[in-house]
Amino acid sequence: MSNPSHRVIIDCDPGHDDMAAILLAAWHDSIQVEAITTVCGNASLDNTTNNALRIVAAFGLDIPVYRGAVQPLLHRYEFPAAFHGPSGLDSVGVDLPQTDRQAEKGHAVDAIIRIVDANPGEITVVVIGPMTNLALVLALRPDLATKIKQIVFMGGSAGEGNVTPAAEFNIWADAEAARIVFRSGVKLVMFGLNATHQTLLRRQDVAAVRAARPDANVVADIMDFYCGTYYRFAGADKPGAPLHDPCTIAYLIDPSLFAMAQLPGDVIVGDAETYGQTLIDLRPQDPAHDQRVKNVGVAMQADAPRFAALVTEALIWATGRISA
Ligand code: BDR
Ligand code: CA
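As a starting point, this report considers the structure included with it. (Residues numbered from 1 in each chain as written. Chains lettered and ligands numbered in written order. Predicted model: local features only at pLDDT ≥ 70, side-chain atom pairs only at ≥ 80, totals over all residues. Heavy atoms only, no water.)

### Thoughts on the side chain of Asp245
For Asp245, the location among the structural elements is in the loop between β8 (240-242) and α11 (246-253). No salt bridge is formed by the buried Asp245; the nearest opposite charge belongs to Arg54, separated by 16 Å. Ignoring sequence-local partners within four residues, the contact set of Asp245 consists of Asp17, Asp18, Ala21, Ile128, Met154 and Asn170. (Helix = DSSP H or I, 4+ residues; strand = E, 2+ residues; numbered from the N terminus. Buried < 20%, exposed > 50% of the residue type's maximum accessible area, 1.4 Å probe, protein only. Lys, Arg positive; Asp, Glu negative; His and termini not counted. Salt bridge = Lys/Arg side-chain N within 4 Å of Asp/Glu carboxyl O. Contact = heavy atoms within 4.5 Å.)

Pasting the structure below:
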């Protein structure tokens, strides 16, 4: 690759929209993916790691995959099979082929530490699953808070929740880990539901992906499963399904896709019904007297049509990477 603008580690729990994020990153010249690290979240760690390996193998991506945390720090929950299927990456038709490809030796947490240590100030960690691995990194090595370039993550919300009225799934799945990350001092860039609910993969986008390969089309089949789940949950009248995780990569490719605000943010833990809520302080204040620590760059608005066009182009590219 010639001079990428961003060197990233993708920490993920694939996951349909995780797959779209990985493909978007693999497709675009400005992104170099140094490693994929896995975490339990949408499904068990065995499943999310297997899915990550199947993605890199099926699409011919030369990216090492490392297994991460088996369970959250404290929270215990049933994996949400209703959303991504029992495998974590179900399809309405063709599945990604199984693969002999293996995860790299060594733990994801050690891999992140090693890669950041070797490249201080260079590595963006893109977190699109629960934050367990990053919390462990920062617990083992708090000094890395100044060596990680930034953490760009999908999680939380400056508005509505999804898994509960207050909380978004990735943060809720391991709220203690998320609180560690929010309070770490690392530069944080957040794509929460308030923004990702604007970024639809529209029905015509999936149709365009399918049309690019009218025979067996695993990319369209996987995206149709994801959209179908959303339509069953949110209503069949919807024009598309929110594509959460690729927002992170789209922002790195083209920050003008999003309007951002630098704000104070924290994560609610404990026994309250608001467990896992991201508390983003949206109160307007006179800058001359504002003493608050604004620790999170928060996506507030998305350019939805341009986002959809970008992701669709990457997914069409991906259909051509699968051998028949
Ligand atoms: C997040 O939860 C998962 O289901 C998706 O992959 C995304 O990371 C959305 O709340
Ligand atoms: Ca995810």
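Let's pick the thread back up.
### Details of the side chain of Ser91
Mapped onto the secondary structure, Ser91 falls in the loop between α3 (81-84) and α4 (108-118). Take Ser91: its relative accessible area is 15%, and that puts it in the buried class. Within the local environment of Ser91, its side chain forms a polar contact with the backbone nitrogen of Gly93, the two atoms lying 3.0 Å apart. Of note is the side chain of Ser91, whose polar atom sits 2.5 Å from the backbone oxygen of Val94. Beyond its immediate sequence surroundings of up to four residues, Ser91 is in contact with Asp221, Ile222 and Phe225. (Polar contact = N/O pair within 3.5 Å; in protein donor to acceptor, adjacent residues only side chain to side chain.)

### A word on the layout of surface pockets
A probe matching the size of a water molecule, rolled over the atoms, marks out where space remains unfilled. Looking at the largest pocket, its volume works out to about 500 Å³. Looking at the largest pocket, it is lined by 25 residues, and the ones nearest its centre are Phe83, His84, Asn162, Phe169 and His244. Counting residues per element, the ones that place at least two in the lining of the largest pocket are α1 (16-27), α3, α6 (169-173) and α10 (218-234). Residues that form the lining of the largest pocket fall into these classes: 12 nonpolar, seven polar and six charged. (1 Å grid on protein atoms, 1.4 Å probe; cavity = no way out; pocket = protein on both sides within 12 Å on 5 of 7 lines; lining within 4 Å. Points joined across faces, edges and corners; volume = space filled by probe spheres on them. Nonpolar A, V, L, I, M, F, W, Y, C, P; charged D, E, K, R; others polar.)

### Considerations on the site of ligand 1
The environment of ligand 1 is formed by Asp17, Asp18, Asn42, His84, Ile128, Met154, Asn162, Glu168, Phe169, Asn170, His244 and Asp245. Note that an oxygen atom of ligand 1 is positioned 2.8 Å from one of the side-chain N or O atoms of His84. Interatomic distance of 2.4 Å between a side-chain N/O atom of Glu168 and an oxygen atom of ligand 1. Relative to its free-state accessible area of 280 Å², ligand 1 is covered by the protein chains to the extent of 94%. With respect to the pocket detection grid, ligand 1 is positioned in the largest pocket. Elements with a contribution of two residues or more to the shell around ligand 1: α1 and α6. (Near = heavy atom within 4 Å. Areas by Shrake-Rupley, 256 points an atom, 1.4 Å probe, with all protein chains shown as cover. Sits in = over half its atoms within 2 Å of the grid points.)

### So, the coordination of the calcium ion (ligand 2)
On the protein side, the calcium ion (ligand 2) has Asp13 (OD), Asp18 (OD), Asp18 (OD), Ile128 (O) and Asp245 (OD) as donor atoms, found 2.3 to 2.6 Å from it. Sequence spacing of the donor residues for the calcium ion (ligand 2), all on one chain, is D-x4-D-x109-I-x116-D. Taken as a pair, Asp13 in the loop between β1 (6-12) and α1 and Ile128 in the loop between β4 (123-127) and α5 (132-140) lie far apart in primary sequence, 115 residues in all. The exposure class assigned to Asp13 is buried, which follows from its relative accessible area of 1%. Take Ile128: its relative accessible area is 0%, and that puts it in the buried class. (Donors = N, O, S within 2.8 Å, 3.2 Å for Na, K, Ca; no water.)

### Describing the packing of α1 against α11
At their nearest, the axes of α1 and α11 sit 8 Å apart, and the two run at 20° to each other. The angle between the axes of α1 and α11 places the two elements in the roughly parallel class. Contacts between α1 and α11 pair Asp17, Ala20, Ala21, Leu24 and Ala25 from the former with Pro246, Ile249, Ala250 and Ile253 from the latter. (Axes fitted to C-alpha atoms, helices over the stretch in contact; angles between N-to-C directions. Parallel < 35°, antiparallel > 145°, perpendicular 65-115°, else oblique.)

### Examining the packing of aromatic side chains
The final tally for this structure, using the stated rule, is nine aromatic pairs. Geometrically, the ring pair formed by Tyr77 and Phe79 is edge-to-face, given 5.7 Å between the ring centres and 85° between the ring planes. In this structure Tyr77 comes out as buried when scored by relative accessible area, which is 16%. Aromatic side chains Phe191 and Phe258 sit 4.9 Å apart centroid to centroid with 75° between the ring planes, which places their arrangement in the edge-to-face category. Separated by 67 residues along the polypeptide, Phe191 in strand β6 (residues 188-191) and Phe258 in strand β9 (residues 258-263) bring together distant segments of the chain. Relative accessible area serves as the criterion here: at 0%, Phe191 is assigned to the buried category. Looking at Phe258, the relative accessible area reads 6%, which means it is buried. (Phe/Tyr/Trp six-rings, centres within 6.5 Å; stacked < 30°, edge-to-face > 60°.)

### Some details on the environment of Ala58
Tracing the chain through its elements places Ala58 in helix α2 (residues 45-58). For the pair formed by Ala58 and Met19, sequence separation is 39 residues and the distance between their alpha carbons is 11 Å. Ignoring any residue separated from it by four or fewer positions in sequence, one finds Ala58 in contact with Leu96, Pro97, Arg321 and Ile322.

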